[in-house]
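# Structure assessment
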Amino acid sequence: MKKYKFFTDFDREEKWLNEMAHSGYQLVNKAYSYEFVLGSPEDANYRIDYRTFKNRQDFEDYRMLFEDSGWKHIAGTKSSGAQYFKQVMDQGDEDIFSDVDSKAARYKRLSEMWLSLAGCFIPLLAVLISTGAINITAFVKPKLLYYTPGLWELSGAHFWRAFLFETPFALLRGFSWVILPIFILVYVIFAYKAKKQYEKAQQGH
């Protein structure tokens, strides 16, 4: 079974995964969606870390470190960031993190990831604006989205025919111009939320 959900809070995500396990759905993979298999209900203990690795060996060493401590690596790749673990040994620690600071640090790494994504798009946006590919004036003067020469000097049926014909193209043009700033804004908001969660987690709440 696949489920599509999006979390920006690791604690809530862990709680949801444990609730799914209690209902009999065991996590087996996480990529674009959560993949579960139906089994016996259990009181599972899932934990999520956030790390990326420069090479495969570092990633394998990381996995083995936790598996030796009783935590099975369920999902996550060398570059995916989010790493999913499930406790498989009762005698192991109840958490994969040794202290409050190390648990909070995953939010700091997540915040840095969102900021880096925003930073990648900002130069592209600047280039598109400077070359005229995006006309930011059109956001306050929507008439500039219409390219038909002399459109606004027309009247009557001629105006409405030309206006209605070009409006879908103008809306599409405007949407294509605004989508990049929207992505940047969303990434910055996610980075801010992760930073606030980092600060909250540092306090041990």
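A brief report on the enclosed structure follows. Note that this is a predicted model, so its numbers are computed, not measured.

### A word on the side chain of Glu13
- Mapped onto the fold, Glu13 is located in helix α1 (residues 10-22).
- Although Glu13 is buried, it makes no salt bridge; Lys30 carries the closest opposite charge, 5.4 Å away.
- Here Tyr34 takes part through its side chain, which lies 2.5 Å from a polar atom of the side chain of Glu13.
- With sequence-adjacent residues up to four places away left out, Glu13 is seen in contact with Phe7, Tyr34, Ile48 and Tyr84.

### Quick notes on the pattern of salt bridges
- Applying the stated rule across the entire model yields 15 salt bridges.
- Between Arg63 and Glu67 there is a salt bridge, and its shortest N-O distance comes to 3.9 Å. One end of the pair, Arg63, and the other, Glu67, are both in helix α2 (residues 56-67), 4 residues apart, so they sit about a helical turn from each other.
- In this structure Glu67 comes out as partly exposed when scored by relative accessible area, which is 29%.
- Residue Glu199 is joined to Lys196 by a salt bridge in which the shortest nitrogen-to-oxygen separation is 3.5 Å. Of this pair, Glu199 and Lys196 both sit in helix α4 (residues 156-202), 3 residues apart, roughly one helical turn.
- Members of the salt-bridge network, linked through shared partners, are Asp11, Glu14, Arg47, Asp95, Lys103 and Arg106.

### Topic: the pairing of strand β5 (residues 71-75)
- In terms of residue burial, β5 counts as a mostly covered element, since 4 of its 5 residues are buried.
- Alignment of β5 against strand β6 (residues 81-87), held across 4 bridges, turns out to be antiparallel. Across the sheet, residue His73 finds its bridge partner in β6, namely Phe85.
- Linking two consecutive strands that pair antiparallel, namely β5 and β6, is a turn of 5 residues; a positive phi of about 125 degrees is found at Gly76 within it.

### Description of the environment of Asp11
- Take Asp11: it is sitting in helix α1.
- Each C-alpha atom, one on Asp11 and one on Leu65, is 22 Å from the other, the two residues being 54 residues apart in sequence.
- What Asp11 contacts, discounting residues up to four positions off in sequence, is Lys103, Arg106 and Tyr107.

Rules and cut-offs
- Residue positions are given per chain, counting from 1 as you read along its sequence in written order.
- Note on the predicted model: pLDDT of at least 70 is required for a residue's local features to be given, and 80 or more for side-chain atom pairs to be given and counted; whole-chain, interface and lining totals, by contrast, use all residues.
- Calculation of side-chain values draws on the structure's entire complement of heavy atoms; hydrogens and water are dropped beforehand.
- The secondary structure listing takes helices from DSSP runs of H or I that are at least 4 residues long and strands from runs of E that are at least 2 residues long, numbered from the N terminus.
- When accessible area is computed with a 1.4 Å probe and restricted to protein chains, residues below 20% of their type maximum are described as buried, those above 50% as exposed, and intermediate ones as partly exposed.
- In this count, Lys and Arg are taken as positive residues and Asp and Glu as negative ones, while His and the chain termini are left out.
- For this document, the term salt bridge refers to a Lys or Arg side-chain nitrogen within 4 Å of an Asp or Glu carboxyl oxygen.
- Pairs of N or O atoms are called polar contacts if they sit within 3.5 Å, as long as, within protein, a hydrogen donor faces a hydrogen acceptor (for residues adjacent in sequence, only side-chain-to-side-chain pairs).
- Every residue pair with non-hydrogen atoms within 4.5 Å of one another is taken to be in contact.
- Think of it this way: DSSP has to see at least two bridges between two strands before they count as a pair.

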